[in-house]
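Structural characterization, general
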Amino acid sequence: MTSFPEQWDDGTDPAGPEHQIHWYDDRTVIIRQALRTNFEGPFIYLLLGTERALLLDTGTGHAKLRPVVDGLLSGQRLIVAHTHSHGDHVGGDAEFDDVVGKSAEDVATYFGVGDWPNDVVQLDLGDRVLDIVPIPGHHASHIAVYDRTTRLLFSGDSLYPGRLYVFDWPAFRASMSRLAGFVAEGNPVEWVLGAHIELTERPGEDYEMGADKHPAEHVLQLAPAVLTELAAVLDAAGPEPARIVRDDFIVYPV
């Protein structure tokens, strides 16, 4: 049985926890850092295998994450990696031991990516194989992680219901084309899960930048068709950066 909560706790209630913990299934944990600890309110993912576990991102560092993660493990060796190395995704690194480095070179070396960003490589957690897909554009070290078991695609800051900040336009266009191609070539996706929610439930409407309250949030999970849509609109936009507003994301060149 897989599920999402009816509504994410945005963490603005001071009586609530600093991290919301949700078991998507019995081996997949979605952790949301409370907005009151930092306006980014990032989502963090813990994927459990029989031998190892992958923690994807460590949040902003404004809320202790290690005790939360330790309470969710059942003897697996923990690997800590990042969708990318912006501060709101690596802020809690100092709490952990086995942490993948922050540069594209570090990430490629750790996972064994020979031809960055074109190679897709595998990480076996023990009865759970993940595909590591380099997708620079938002950040040079950005990766997506595809879980063959759940058919979840973890997209970090490259696709989520919010403002998709594009720092390298050509790289981002190429990465989203490759990622959509990876899915179309026989890697079916149930849901795309990103690292933030910045849109309201009204199509294409975002919260003010830095907002620490999110009434009436968009859902976290995006259908795979949204990835196809993103790749298509980027292709149609051409080589010049362009702000593009769609129902489920806003392309935001910077």
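Look up a bit, the structure's there.
Quick notes on the rules
- Residues numbered from 1 in each chain as written.
- Predicted model: local features only at pLDDT ≥ 70, side-chain atom pairs only at ≥ 80, totals over all residues.
- Heavy atoms only, no water.
- Buried < 20%, exposed > 50% of the residue type's maximum accessible area, 1.4 Å probe, protein only.
- Helix = DSSP H or I, 4+ residues; strand = E, 2+ residues; numbered from the N terminus.
- Arc of directions from axis to C-beta.
- Contact = heavy atoms within 4.5 Å.
- 1 Å grid on protein atoms, 1.4 Å probe; cavity = no way out; pocket = protein on both sides within 12 Å on 5 of 7 lines; lining within 4 Å.
- Points joined across faces, edges and corners; volume = space filled by probe spheres on them.
- Nonpolar A, V, L, I, M, F, W, Y, C, P; charged D, E, K, R; others polar.
- Core = buried A, V, L, I, M, F, W, Y, C linked by side-chain atoms within 4.5 Å.

Section: helix α3 (residues 104–111)
Listed in full, the buried residues belonging to α3 are A104, V107, A108 and F111. Down the axis of α3, the smallest arc covering the buried residues is 100°, so these residues share one side. Exposed side of α3, more than 90 degrees from the buried face: E105 and T109 are the residues found there. The inward-facing, buried residues of α3 abut β5 (77–81), β6 (121–124), β7 (129–134) and β8 (143–147). Count one or two residues on from α3 and you reach G112, which has phi positive near 80°.

Observations regarding the layout of surface pockets
There is about 250 Å³ of room inside the largest pocket. If you go around the largest pocket, you meet 19 residues; those closest to its centre are F39, E40, Y160, Y165 and E198. For the lining of the largest pocket, a count of residues per class yields eight nonpolar, five polar and six charged.

Structural notes on the nonpolar core
The biggest cluster of nonpolar side chains holds 29 residues, and the ones touching the most others in it are L153, L159 and L230. If you list the elements that add at least two residues to this core, you get β8, β10 (163–166), α4 (169–184) and α5 (224–237). If you tally residues by element for this core, the top one is α4, at seven residues. Apart from the residues within four sequence positions on either side, L159 is in contact with L164, V192, G194, L222, V226, L227, L230 and F249. Core analysis: the next-biggest nonpolar cluster, separate from the first, contains 28 residues, F4, A108, V121 and L130 among them.

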